[in-house]
Each structure stands twice: as C-alpha cells, then as structure tokens.
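Survey of secondary and tertiary structure
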Amino acid sequence: MTHSPGGAAPDGGPAPSTPLGGPVPAHPVYPDLAGKVAVVTGGSRGIGAETGRALAAQGVAVCLVGRDRPALFEVVDGIGKEGGTAIGALADVTDTGALRRVAERVAEELGPVDILAAFAGGRGSPVPALELSEERWRQVLDTGLTATFLTVRAFLPAMVERFSGSVLTLTAASPASPASSASSGGPRPGGPDLAHGVANAGLTTLTRQLATELGPQGIRVNCLAPSTVRTEKVAAAMSKEAQHRTALRHPLRRMAEPADVASAALFLASDAASYLTGITLDVAGGRILG
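What comes next concerns the included structure. Here the structure is a predicted model, which is why all the values come from computation and not from measurement.

1. Describing the overall build of the protein
Counting secondary structure elements, the protein contains nine helices and seven strands. Counting all 290 residues of the protein, 49% fall into the buried class. Across the protein, every contact between residues at least 6 apart in sequence was considered, and the portion connecting residues at least 24 apart equals 73%. Accessible surface computed for the protein: about 13,800 Å², of which carbon and sulfur atoms make up 57%.

Pasting the structure below:
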C-alpha cells in the first residue's frame, strides 16, 4: 500500500499516514460463524468479494453471486486455494427466476442459508434531477433497491421456516448524523444525485421495515453504509491526488478499504450482534456530517 510522506497535509492539517487506504487490521475471529452458509451478491469484486473471502476464512461455506464470470471464479478459486469452501453462481439479481435458481442450487450444494449479504448494485455518475431520464431513474431503482428486495425475497422463506437468519443490505453512508436521521425519518439528501439518493433512502427503510416484520421470526436485518471505498473500480477511476483529497475529508485520514466493510459485515452476521437489528451502520471513518 502507498504511504504518505511526513509533514503537513495540503489542507494544513496533519498528513494521513495511509491516505490511499492503507493497511487495516486483520479480521477478528467469530467462532460461531464456522459451519454456517452464506450467500453474497455482488461477489465478483470489491466489497462483495472481500466479504466472501472474510466469511470463508471464518469457516463459512459461501456462494458468491455475480455477472462477471472471470472475476467471479477468480475469487472462488482463491478461496479454495486458501482452504475455504465457495461456489460461484452467475446471475442477474434483478431477475427473479435467476435468483430462485441460485437459492435452489445453494440449498442442494451447501445447505440452508444462515447469512445473506445482498451487496449487488451499481453507482454510476450523479445525474441532476432536470437531466434525469425515466430510463435512468428506473435503472438505478432496479439495480439499487429492487434487486435487494428480490434477493431477500428469494432466500427469506427458508430462513422463516428455520426461524433463523441474518440479512445484510448495503447502501451509501448518510451525510446526516445517526441522530438527525432518526429524528427526521431518514438520511438528509446529499448532492445532485436524485435517483441514487432515493434508492439509498429506500434501502435504509427496507432494512428497518424487514427488521420489524422479521424479528419475531428470528431473523435479523441490518444495513452497512460505507463512505468512499477504495475498490478496484474506484482506484482505477480516481487519480492518486483525488484519492488523497478524499482521504483528507475523513477524520481518520484514509479511505476505506473493502476489508473495513467486510469486518463490519462479519460482526453484524455473528452472534456478537445478536441483539442488533434494523440498524444502519456507517462505515465512514468519521465522515458523518451533522
């Protein structure tokens, strides 16, 4: 990883020691996860891939779902080489039939699903409201919100039948503090990105609603809300200077790595979080604005 030189940062503050992401601690061990079965969508790369690796390292049998065959099976093969158990499923998570087939395959090859990480979704360039086409609106809502609903629906019946399960959703870090979000009923809008803003708010509400409905049936539902994460895609799209500036906007003075989000996912999936449901956990390095 890249480390910054000593001295002051360009903004006059202290220079971050790891402005472009930098080393993060090893994932903690949660013994209760061993022997469980997990499905992770968006598993080809980035947060989904790292979460799949982290779960497999805990002894979880993992099904990674994605659409990029080479990338997906590179992750699956890597898990196997490390001694983990993983299968890959090529599927479009906006396709109900494809999700049903994945659920059937997982039940047959790995067993009942204990953990569902519905992490698939894309975030393109922001589009101001006056320039937002109906096609773009529907695309963002389908991939950013409806896909999560369809994924949960595909695996939910088996969880309800077993009276057990942990569901994780993924949105973007809110620019509002947790307190102000709670008092206003949702996150405060950010920049000119209407469709994604609505999808993100919908994911938070979906999480809370599912948690309320499914809690009595033994199922926990929580949401992860990371700030800018230095995934492969982000690292390729942003210059080193832009990454440095982004790091400086975080009190912890670095960008998040996929492993930061994966560690939070492990915690929420484990028994250590057995009394947590309906929460949205900002994995944002302190970048929460009041």
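2. Describing the sheet that holds strand 2 (residues 61-66)
Pairing in this open sheet of seven strands is parallel, and the strands run 3-2-1-4-5-6-7 from one edge to the other. At either margin of the open sheet sits one strand with a lone partner, and together these are strand 3 (85-90) and strand 7 (280-283). Geometrically, the sheet is characterised by an average inter-axis angle of 20° between neighbouring strands, direction not taken into account. The pairing of strand 1 (residues 37-41) with strand 4 (residues 115-118) spans three bridges and is classified as parallel. The residue bridging Ala-38 from the neighbouring strand is Ile-115, located in strand 4. Across the sheet, helix 2 (residues 69-81) touches strand 2 and strand 3, and the angle it forms with strand 3 is around 170°. The strands that helix 3 (residues 96-109) touches are strand 1, strand 2 and strand 3; relative to strand 3, the one it contacts most, it runs at about 160°.

Conventions adopted
- Residues numbered from 1 in each chain as written.
- Predicted model: local features only at pLDDT ≥ 70, side-chain atom pairs only at ≥ 80, totals over all residues.
- Heavy atoms only, no water.
- Helix = DSSP H or I, 4+ residues; strand = E, 2+ residues; numbered from the N terminus.
- Buried < 20%, exposed > 50% of the residue type's maximum accessible area, 1.4 Å probe, protein only.
- Contact = heavy atoms within 4.5 Å.
- Areas by Shrake-Rupley, 256 points an atom, 1.4 Å probe, with all protein chains shown as cover.
- Pairing = 2+ DSSP bridges.
- Axes fitted to C-alpha atoms, helices over the stretch in contact; angles between N-to-C directions.

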